[in-house]
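Coordinate analysis (summary)
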Amino acid sequence: MAGKNRNSLIKRAIEAKSRSVKAMLDRNVKVRVLCVNPESPAANMLPLTDPRFPSVDMFRGSLDSIKRVLEHFRKEYPSQFDYRYLPILPAFGLFITDPDHSNGLIKVELYAAHPWGPTGSRPNMIVEDKKWRTFFLQQWDNYWDLSDPNRK
């Protein structure tokens, strides 16, 4: 896919997800987001693990529009929303909903190098075991603590 079209698709996906985040914030749900720091050496590694970003410049460009959305949420929902930049490339991504509830989802997406044969897509896991749920919740806290709260 051409760079211009690909970048347009990425922005549309972010816009779609921002509506979901806004809906959660409007329900008084706390939301925290971690992004790879675009100025860290980790940004150079991202194209090796995420096919959405064939180059580091495309990744950095995509964060321009994302940062505007994140700053808007931070301003509009100061007690419910926060985001930070992570100076390392995480080994996995986490999507966590209501971790204190037994039905709360913990989805783990492994950031393995591609190509991902034999599956053709990034591996995903839904964690149900209590011990592993605790492990991944602790890893989220670890990543949050590694992030830079002063980087705006």
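This text follows the structure it describes.
Figured I'd write up the structure that's included with this text. Given the structure is predicted, the values throughout are model-derived calculations rather than measurements.

Side note on the overall build of the protein chain
- In terms of helices and strands, the protein chain carries four helices and five strands.
- Ordered by position from N to C terminus, the α and β elements of the protein chain give α-β-α-α-β-β-β-β-α.
- Per-residue burial for the protein chain yields a buried fraction of 34% across its 152 residues.
- Considering only contacts within the protein chain whose residues lie at least 6 apart along the sequence, 61% involve residues at least 24 apart.
- Of the roughly 9700 Å² of accessible surface on the protein chain, 55% is carried by carbon and sulfur atoms.

Examining the pattern of salt bridges
- In the structure shown here, the tally under the stated rule is seven salt bridges.
- As a salt-bridge pair, Arg32 and Asp141 come within 3.6 Å of each other at their nearest N and O atoms. Of this pair, Arg32 sits in strand E1 (residues 31–36) while Asp141 is found in helix H4 (residues 130–146), placing the two residues 109 residues apart along the sequence.
- Looking at Arg32, the relative accessible area reads 38%, which means it is partly exposed.
- Asp50 is the salt-bridge partner of Arg52, the closest N and O atoms lying 2.5 Å from each other.
- With relative accessibility at 43%, the residue Arg52 sits in the partly exposed group.
- Judged by relative accessible area, which is 5%, Asp50 ranks as buried.

Considering the environment of Tyr143
- Mapped onto the fold, Tyr143 is located in helix H4.
- A relative accessible area of 11% places Tyr143 in the buried class.
- As a C-alpha pair, Tyr143 and Pro90 span 53 residues in sequence and 8.0 Å in three-dimensional space.
- In this view, Tyr143 contacts Leu34, Leu86, Ile88, Pro90, Ala91 and Phe92; residues no more than four positions away in its chain are not counted.

Observations regarding the side chain of Asp50
- Here Asp50 lies in the loop between helix H2 (42–49) and helix H3 (56–76).
- One polar contact links Asp50 to Arg52, side chain to side chain, over a distance of 2.5 Å.

Quick notes on the sheet that holds strand E5 (residues 124–126)
- Spatially, three strands are ordered E3-E4-E5 in an open sheet, and the strand pairing comes out antiparallel. Here the strands that pair on one side only, and so sit at the sheet edges, are strand E3 (92–96) and E5. Strand-to-strand twist across the sheet, computed as the mean angle between neighbouring axes with direction ignored, equals 20°.
- In this structure, strand E4 (residues 106–110) lies alongside E5, joined through three bridges in antiparallel fashion. Opposite Val108, over in E5, you have Met125 as the bridge partner.
- Seen against the sheet, H4 touches E3, E4 and E5 and runs at an angle of roughly 110° to E3.

Details of the packing of aromatic side chains
- Enumeration over the complete set of coordinates arrives at ten aromatic pairs.
- With a centroid separation of 5.4 Å and an interplanar angle of 80°, the aromatic rings of Phe53 and Phe59 are classed as edge-to-face. Each of the two residues, Phe53 as well as Phe59, counts as buried.
- Both rings, one in Trp132 and one in Phe136, keep their centres 6.2 Å apart while their planes meet at 35°; by these two values the pair is tilted. With Trp132 and Phe136 both in helix H4, this residue pair falls four residues apart, about one helical turn.
- Ring pairing ties together the aromatic residues Phe92, Trp132, Phe135, Phe136 and Tyr143, which thus form one cluster.
- For Arg32, the ring lying beneath its charged end belongs to Trp144, and the centroid distance is 4.6 Å.

Calculation rules
- The written sequence of each chain sets the order in which its residues are numbered from 1.
- With the structure being a predicted model, the display of local features is reserved for residues of pLDDT at least 70 and the display and counting of side-chain atom pairs for 80 or more, all residues being used for whole-chain, interface and lining totals.
- Side-chain measures were taken over the full set of non-hydrogen atoms in the model, leaving aside hydrogen atoms and water.
- Numbering of helices and strands runs from the N terminus, with a helix taken as a DSSP run of H or I at least four residues long and a strand as a DSSP run of E at least two residues long.
- Only protein chains enter the area calculation, which uses a 1.4 Å probe; residues under 20% of their type maximum are buried, those over 50% are exposed, and those in between are partly exposed.
- A contact between two residues is defined here by any heavy atoms of the two lying within 4.5 Å.
- The Shrake-Rupley method, run with a 1.4 Å probe, gives the accessible areas here. Residue values count only the displayed protein chains as cover.
- One speaks of a salt bridge when a side-chain nitrogen belonging to Lys or Arg is within 4 Å of a carboxyl oxygen belonging to Asp or Glu.
- Within 3.5 Å is the distance limit for a polar contact, defined as a pair of N or O atoms, with the added protein rule that one can donate a hydrogen and the other accept it, and that residues adjacent in sequence qualify only through two side-chain atoms.
- Think of it this way: DSSP has to see at least two bridges between two strands before they count as a pair.
- Here an angle of 0 to 180 degrees is reported between the N-to-C directions of two axes, which are lines fitted to C-alpha atoms, with helices fitted over the stretch in contact.
- Ring pairs are drawn from Phe, Tyr and Trp, using the six-membered ring of Trp, whenever the two centres fall within 6.5 Å, and their geometry is named by plane angle: stacked under 30 degrees, edge-to-face over 60, tilted for the rest.
- Counted as over-ring charges are cases with an Arg CZ or a Lys NZ within 6 Å of the ring centre that also lie within 35 degrees of the ring normal.

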